[in-house]
Each structure stands twice: as C-alpha cells, then as structure tokens.
Amino acid sequence: TVVTAIVHSEQQILVTRDDGYSWQAVRGEGIQLTNATSISYHPGLASLGGLGGFVIGTDGGAWMLEPDLHNAIKINGGLISQDKAFLSVDSPSRGTDGPTVGVTKNGTVYLLDSSSLNWTPVYQSSGSQRSATRVAIAPHASTFNTRSGDQDIILVANGQLHISHDLGVSWAIASQDRKST
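Residues numbered from 1 in each chain as written. Predicted model: local features only at pLDDT ≥ 70, side-chain atom pairs only at ≥ 80, totals over all residues. Heavy atoms only, no water.

Enquirer: Lay out the side chain of Ser38 with the relevant residues and their values.
Expert: Examined against the element boundaries, Ser38 turns out to sit in strand E4 (residues 36–45). When its relative accessible area of 11% is taken as the criterion, Ser38 is described as buried. Side-chain polar atoms of Ser38 contact the backbone nitrogen of Val89, separated by 3.0 Å. (Helix = DSSP H or I, 4+ residues; strand = E, 2+ residues; numbered from the N terminus. Buried < 20%, exposed > 50% of the residue type's maximum accessible area, 1.4 Å probe, protein only. Polar contact = N/O pair within 3.5 Å; in protein donor to acceptor, adjacent residues only side chain to side chain.)

Enquirer: For the packing of aromatic side chains, give the residues involved together with the corresponding values.
Expert: All told, the structure shown has 5 aromatic pairs when counted by the stated rule. Plain terms: the ring middles of Phe86 and Trp119 are 5.0 Å apart, the flat faces sit at 45° to each other, and that makes the pair tilted. A residue pair is termed long-range when its members are at least 10 positions apart, and Phe86 in strand E8 (residues 86–90) and Trp119 in strand E11 (residues 119–124) qualify at 33 residues. For Phe86, a relative accessible area of 0% gives the class buried. Here a set of aromatic residues connected by ring pairs shows up, and it is made of Phe86, Tyr110 and Trp119. (Phe/Tyr/Trp six-rings, centres within 6.5 Å; stacked < 30°, edge-to-face > 60°.)

Enquirer: Account for the side chain of Asn76, naming residues and giving values.
Expert: Relative to the helices and strands, Asn76 resides in the loop between strand E7 (73–74) and E8. Judged by its relative accessible area of 12%, Asn76 falls in the buried class. Leaving out residues up to four positions away in the same chain, Asn76 has contacts with Gly60, Gly61, Ala62, Lys84 and Trp119. (Contact = heavy atoms within 4.5 Å.)

Enquirer: Describe the pairing of strand E13 (residues 153–157), with residues and values.
Expert: By the alternation rule, side chains of E13 split into Ile153, Leu155 and Ala157, which are all buried, and Ile154 and Val156, of which none is buried. Here strand E12 (residues 134–137) runs beside E13; their pairing, made up of 4 bridges, is antiparallel. Across the sheet, Ala136 pairs through a bridge with Ile154, a residue of E13. The pairing of E13 with strand E14 (residues 160–164) spans 5 bridges and is classified as antiparallel. Note on E14: the bridge partner recorded for Leu155 is His162. The antiparallel hairpin formed by E13 and E14 contains 2 residues in its connecting segment, where Asn158 sits at a positive phi of about 55°. (Pairing = 2+ DSSP bridges.)

Enquirer: Got a sec to walk through unusual backbone geometry? Specific residues and values, please.
Expert: If you check the backbone angles, Glu29 has positive phi at about 50° while not being a glycine. The topology assignment puts Glu29 in the loop between strand E3 (24–25) and E4. Phi is positive for Leu167, which is not a glycine, with a value near 55°. Looking at where Leu167 falls in the secondary structure, it is placed in the loop between E14 and strand E15 (172–173).

Enquirer: Describe the nonpolar core, listing the residues and the values that go with them.
Expert: Within the largest apolar cluster, 15 residues are counted, with the highest numbers of intra-cluster contacts made by Val101, Val109, Ile153 and Leu155. With 3 residues, the top contributor of residues to this core is E13. Counting residues in hydrophobic clusters, the runner-up holds 13 residues, among them Leu45, Ile75, Tyr110 and Leu117. (Core = buried A, V, L, I, M, F, W, Y, C linked by side-chain atoms within 4.5 Å.)

Enquirer: Explain the environment of Ala25 residue by residue, including any values.
Expert: Relative to the helices and strands, Ala25 resides in strand E3. Residue Ala25 is classed as partly exposed on the basis of its relative accessible area, which comes to 23%. Along the chain, Ala25 and Ile13 lie 12 residues apart, while their C-alpha atoms are 5.9 Å from each other. When neighbours within four sequence positions are excluded, Ala25 is seen to be in contact with Ile13 and Leu14.

Written as structure tokens, this is what we have:
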C-alpha cells in the first residue's frame, strides 16, 4: 500500500509503503527545498504508460512522483517563470484521460498535459489571491466531451466562483445574487 501525505507543520512530502508504520521524505530535483502546498493523485498519466502518479504543487513549481519511487521529477514545463507557486492542484479519478488542473498564487489556472507533462495556462483570475483559493476538476474529466459535466473546472478565488464547462476554454463567474422571498 502506498500512502502519500503532506505534513503541513514541516511542509514536507512523506511517503510510506508499510501502511504508515514508517515514513520517508520524498527527494528529487530540488523538491526538498520547496514548501509543499497541495497534492493530487492522477490515476492515468499517459507519460507513465497510463499508470497513476502523484502531482505535487509547491511554492516553487510542480513535481510528479511515481508511487513505487522516492524521487520526484520536476514538471515545470510551460509555467511562467514568476508564476510557479501553486496553491491547489486536482486530478480526475480513474478511467479518464482528463488533465490535472492547478492554480497559482498569481491566480493563473494551468492544465497539465498527461503525455508531455507540460502546463498550459487557461485562465487568469483577477485580484489578490489568498490561501482560500482552490481549484477542482470534474471527477470524470475527459478531453472528449462525452456527457454534461465531463469538462468542468471550478475555481474559488477572491470570494467568487469561476466555472468552465469546456476544460478552461471559456469561463464565467457565478452570480451570487440572493433572491429574497
């Protein structure tokens, strides 16, 4: 059993292979010099032959960790040089070809191509980002629109709900008007 966790008190990424009896710090390509902020498991990364891998967001970029390894691989291709501090990352669940999505402190939403492991910016939210900024992708996200909701991305930033129904091509800010009765 592989369990990966972020220890927030030390901002380290730890991995266990014995159901939590012992833990080891993840190393590789400078990840130990950054502060981990978010982690997501993508069950079907094409770059791993369709096998799963962890995508780890940090204040210095992103890394990928194969479950059987302790060394992380830096995956910062496509990130804007001053825009690598991730606040949140999320991935679809098993049986999908959808991308991992991430949002940075600058409010940029990126999609990670599971074949090339390169990021593509798809949206920029305005205003100052706070730690409450989070992004989520539909659990069955697919690059092929098979049914309603399969390409949804939701961003919460600056107290607003930003929604895309087409993997980030177009965005709308949800109305927060309350109707009185």
